[in-house]
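Chain and residue survey
Spelled out from the first residue to the last, the chains are:
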Amino acid sequence: MHRLISHLDALEAESMHLLREFAAEFERPVLLFSGGKDSVVMLHLAKKAFWPAKLPFPVMHIDTGHNFPEVLEFRDSAVERLDVNLVVASVQESIDRGRVAEDTTPGASRNRLQTTTLLDAIEEHGFDAVMGGARRDEEKARAKERFFSFRDEFGQWDPKNQRPEVWSIYNGRHRKGEHIRVFPLSNWTELDIWQYIADENIELPTIYFAHRRDVFRRDGMLMAVTEFLQAGENEEVFEATVRYRTVGDATCTAAVESIAVEIDDVIAEVAASRITERGATRADDKFSEAAMEDRKREGYF
Amino acid sequence: MELLRFATAGSVDDGKSTLIGRLLYDSKQIFEDTLEALEHSTKLRGEEGMNLALLTDGLRAEREQGITIDVAYRYFATPRRKFIIADTPGHVQYTRNMVTGASTADLALILVDARNGIVEQSRRHAFLASLLGVPHLVLCVNKMDLVDYDQAVFERIKNEFRDFAAKLDVRDLTFVPVSALRGDNVVERSANTPWYEGSSLLHQLEEVHIASDRNLIDCRFPVQYVIRPRDDRFHDYRGYAGQVASGTYKVGDDVVVLPSGFTSTIASIDTADGPVEEAVPPMSVTIRLTDELDVSRGDMISRPNNRPREGQDVDAMLCWFSDRTRLQAGGKYALKHTSKWARALVKDLHYRLDVNTLSRDESAEGLALNEIGRVTLRTTQPLFYDDYRRNRATGSFILVDEATNDTLAAGMIL
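Now for a quick tour of the structure. Given the structure is predicted, the values throughout are model-derived calculations rather than measurements.

Taken together, the 7 strands give an open sheet; going across it, the order is S7-S15-S11-S12-S14-S9-S8 (chain B), and neighbouring strands pair in antiparallel fashion. With partners counted over all chains shown, the strands left at the sheet margins are strand S7 (221-222) and strand S8 (225-227) of chain B, one partner each. Where strand S11 (residues 254-258) of chain B meets strand S12 (residues 262-270) of chain B, 4 bridges bridge the pair, whose relative direction is antiparallel. Across the sheet, residue valine 256 of chain B finds its bridge partner in S12 of chain B, namely threonine 263 of chain B. Set on the sheet, helix H1 (residues 7-25) of chain A makes contact with S8, strand S9 (239-243) and strand S14 (284-289) of chain B; between it and S14 of chain B the angle comes to about 65°.

Set out below in structure tokens:
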């Protein structure tokens, strides 16, 4: 008898198939890398898919300028270890060049501005395919995403007019100026990601594990005090033991109270959690019930 | 833990969303914030309680129109299995979504309303599941509570469906009487149906045997990517990366590379975690051969004494996806089969199939959106393929519009 294929083996094999289609079907593919756990898993899978060769594409970080220093450090060492090219596209530069205007009202974040920076970078570098670590279980608009998702010359997603995707035959054809987003982790859940990280012994930025930090409560979420985000007048700062479930712009990514210092503790917490990771930690998804769909239509990740 | 992919289909108001909601809820996969958002959205619509359909209808247009437009993927797990649900909308015009969901499914779950019995759409869904070669079919007779859990109602629907399914190629068919709303026979067997001797729906999903659905006989390995590191450590390394479509590959096996026809032997089967002795579907591996051959993307590594069919003339069933253009004899399209692109000319449209009556219209001059027909194609270069019935991976292809790049059709080779 042949051994059973576990669900993580099956997901890994599916993702590697997609990574190889991605590298083969496009002239200038690029992998998005934020230092968040999903993109760390993406990078790990990419390393495995092309081993013993190096990654046949560069990685790109859309830098909001509002980073957790631990994550930047992690990004640089990961990129150095794999000996891949890193492209950094900076939201600050987009602001300085007048491509976007910074929203300076309290509680504003640069999250939405990233879309312009991303689309400008795609155009500037001539990328025809952009791979990201988005998962369908994250959010309801993402539940409708394709593995190969078409973007028109404005970078727009048209969810009502997506290419049918059958079997594992992916259509990456596009005209000049258009591009394809590729999502190899579509079928993974948050728990799958953590179990895989544990099984494969993948290193993560330290902020994913419990640590002490100055925080304050805003809209029911725990926000870290950083150089980019200060507590308001009526918001009390206190020290707490927290970790991050997602890593994004420091001004709109919240921490959760946690004592999980080891990966197994994190898995136990995730398995027991009754709140989705975006619901728990992303202020950017709370605008409306279609906030993600609207951002994705404009060209967001 | 094993992975089971299943597609759900039902007509409007069959209670499909409620059933999925129930499976997710009872396996604790609906999170509190999702529930909160759901209650909020339901209230915004002036409705009471919780509209579970809003859980799967994620797009603005879907919520506005109260219909499901596109396949939504949902995930849940029990201690025994992890499940991927492709939730496909039941509207007549969205056959293409059912085809999409069924194309990768191990099992299709079709819902009927106990009060209405088998309707046109139930037959359509069963036909599509069989056309797409879904190995297991479960018919859920829902809303049993509204027919007083009457065994006679269940048996009548069961017999009617079984008669219809006999005309189809359905390998494994089971029936479950459920009430998604009340939870009867969804997770636990219900005391309301003492006459029902089968197991609960969830139990069936956990237990259905899928490991032997894989084709472990016919060796088919479409090469996706040639790995050549060209650095000091791996100076002469040349590996062929791909995902095993079918068959069992072992180190030392004799192989043939197509289309060149050159034979060689498997020197090693590599992964980043080290070499493995054998590879089976769906593993993604890198194969090295003992001889230096010219092998590139789109080629296939097979066995000398068990080769795929080869040719430029292919007969297939086509499901047409486009509302902008019709399939017509004489039409030329881009075709993708495994990891290979070619061009295809439609030489002949033999008939259009009425999926409700299974009758053939031989006078049909084209295929419009959601229509299915049998065609003969001529391709610019030889394809290496199998009958779809025997091999879903090497028996399937897509047609793409050469001008707009839209995906136009799914094809199943006969």
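Before going further, it helps to spend a moment on the interface of chain A and chain B. In this complex, chain A contributes 62 residues to the contact, which on the side of chain B involves 85 residues. In total, about 6,200 Å² of surface goes out of reach between chain A and chain B, with carbon and sulfur atoms giving 55% of it. Where chain A touches chain B, the interface holds 7 salt bridges. The salt bridge involving arginine 297 of chain B is made with glutamate 25 of chain A; its shortest N-O contact spans 2.8 Å. At the level of secondary structure, the elements contributing two or more residues to the side of chain A that touches chain B comprise H1, helix H2 (37-50), helix H6 (190-200), helix H8 (277-281) and helix H9 (291-298) of chain A. Per-element accounting of the side of chain A that touches chain B gives the leading share, 12 residues, to H1 of chain A.

This part covers the sheet that holds strand S5 (residues 148-151) of chain A. All names here are of chain A. Spatial ordering of the open sheet is given by S3-S2-S1-S4-S6-S5, a layout of 6 strands whose pairing is mixed. The open sheet terminates on both sides in strands that have one partner only, identified here as strand S3 (86-90) and S5. Going across the sheet, the axis of each strand differs from the next one's by a mean of 30°, ignoring polarity. Where strand S1 (residues 29-32) meets strand S2 (residues 59-63), 2 bridges bridge the pair, whose relative direction is parallel. The residue bridging leucine 31 from the neighbouring strand is valine 59, located in S2. Of the strands in this sheet, S1, S2 and strand S4 (129-131) touch H2, which is tilted by about 135° from S1.

What counts and what doesn't
- Residues numbered from 1 in each chain as written.
- Chains lettered and ligands numbered in written order.
- Predicted model: local features only at pLDDT ≥ 70, side-chain atom pairs only at ≥ 80, totals over all residues.
- Heavy atoms only, no water.
- Pairing = 2+ DSSP bridges.
- Helix = DSSP H or I, 4+ residues; strand = E, 2+ residues; numbered from the N terminus.
- Contact = heavy atoms within 4.5 Å.
- Axes fitted to C-alpha atoms, helices over the stretch in contact; angles between N-to-C directions.
- Buried area = accessible area lost by both parts, 1.4 Å probe.
- Salt bridge = Lys/Arg side-chain N within 4 Å of Asp/Glu carboxyl O.

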